[in-house]
Amino acid sequence: QAQPVESGGGLVQPGESLRLSCAAFGDIFRVNTMKWYRQPPGKQREFVGSIARRGEITYADSVKGRFTISRDNAKNTMYLQMNSLKPEDTAVYYCNVLYVSGDDHWGQGTQVTVSS
């Protein structure tokens with residue numbers, strides 16, 4: 001399977017919103033769980049949230065109530081709607097795609113910067 005591709009990052013002011021996308025490739029029936037991670041500057045990569053093929057969703061405590069994950073299985077695409085963004089949300093956001101085979105692939109990341 002090819003590397004997934006993230007898009008939608010950018011520079012926004014505190015309180016604004018962004019929507020990220022992650023497009024996975026390959027057989028749509030082989031994509032299992034899709035996850036978002038982020039890596040703030042100078043820090044380790046951290047879990048943001050995940051969505052299973054059947055729709056079960058989990059979030060990190062730091063984003064609950066502000067971020068919403070969804071997916072379109074027919075398009076092999078996952079979304080991350082980020083509202084009420086804070087400066088501490090500044091990070092490179094990565095998509096991780098787990099296939100039913102057990103293989104997982106990381107995207108190249110997309111930069112999100114929240115600054116006034």
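Residues numbered from 1 in each chain as written. Predicted model: local features only at pLDDT ≥ 70, side-chain atom pairs only at ≥ 80, totals over all residues. Heavy atoms only, no water.

Caption draft 1: Focus on the overall build of the chain. Counting its secondary structure elements, the chain contains zero helices and 11 strands. Moving toward the C terminus, one meets the helices and strands of the chain in the order β-β-β-β-β-β-β-β-β-β-β. Its C-alpha atoms give the chain a radius of gyration of 13 Å, near enough to 13 Å, the size a compact globule of 116 residues would have. Each principal axis of the C-alpha atoms in the chain carries an extent, and together these give about 40 × 25 × 20 Å. In the chain, which comprises 116 residues, the share counted as buried stands at 41%. Intrachain contacts of the chain at a sequence separation of at least 6 include 54% that bridge at least 24 residues. Within the structure as shown, the chain displays about 5,900 Å² of accessible surface, and the carbon and sulfur contribution to it stands at 48%. The centroid of the 13 positive side-chain charges in the chain is displaced by 3 Å from the centroid of its 11 negative side-chain charges. (Helix = DSSP H or I, 4+ residues; strand = E, 2+ residues; numbered from the N terminus. Rg over C-alpha atoms; globule rule 2.2 N^0.38 Å. Buried < 20%, exposed > 50% of the residue type's maximum accessible area, 1.4 Å probe, protein only. Contact = heavy atoms within 4.5 Å. Areas by Shrake-Rupley, 256 points an atom, 1.4 Å probe, with all protein chains shown as cover. Lys, Arg positive; Asp, Glu negative; His and termini not counted. Charge placed at Lys NZ, Arg CZ, Asp CG, Glu CD.)

Caption draft 2: Expanded view of the packing of aromatic side chains. One pass over the full model with this rule turns up two aromatic pairs. Relative to Phe47, the ring of Tyr37 lies with its centre 5.7 Å away and its plane at 75°, an arrangement referred to as edge-to-face. Of this pair, Tyr37 sits in strand β4 (residues 31–39) while Phe47 is found in strand β5 (residues 46–51), placing the two residues 10 residues apart along the sequence. An aromatic cluster is present here, built from Tyr37, Phe47 and Trp106 joined pairwise through their rings. (Phe/Tyr/Trp six-rings, centres within 6.5 Å; stacked < 30°, edge-to-face > 60°.)

Caption draft 3: Structural context of the side chain of Asp89. By the element assignment, Asp89 lies in the loop between β8 (77–82) and β9 (91–99). Within the structure, Asp89 has its side chain in polar contact with the side chain of Arg66 (distance 2.7 Å). With residues up to four places along the chain from it excluded, the contact list for Asp89 reads Arg38, Arg66, Phe67, Ser84, Val112 and Val114. (Polar contact = N/O pair within 3.5 Å; in protein donor to acceptor, adjacent residues only side chain to side chain.)

Caption draft 4: Local environment of the state of the cysteines. Counted according to the given criterion, the structure contains one disulfide. Each sulfur in the disulfide pair Cys22 and Cys95 lies 1.8 Å from the other. Classification of the bridge connecting Cys22 and Cys95 rests on its S-S torsion, roughly -55°, and on that basis the disulfide is left-handed. Taken together, the residues span a long stretch of sequence, with Cys22 in strand β3 (residues 18–23) and Cys95 in strand β9 at a distance of 73 residues. Neither Cys22 nor Cys95 differs from the other in exposure class; each is buried. (Disulfide = S-S within 2.5 Å.)

Caption draft 5: Region of the structure containing the pattern of salt bridges. The final tally for this structure, using the stated rule, is four salt bridges. Note that Arg38 and Asp89 form a salt bridge whose closest N and O atoms lie 2.9 Å from each other. Separated by 51 residues along the polypeptide, Arg38 in strand β4 and Asp89 in the loop between β8 and β9 bring together distant segments of the chain. Neither residue differs from the other here; Arg38 and Asp89 are each classed as buried. Look at Asp89 and you get buried, because its relative accessible area is 0%. Connected via shared salt-bridge partners are Arg38, Glu46, Arg66 and Asp89. (Salt bridge = Lys/Arg side-chain N within 4 Å of Asp/Glu carboxyl O.)

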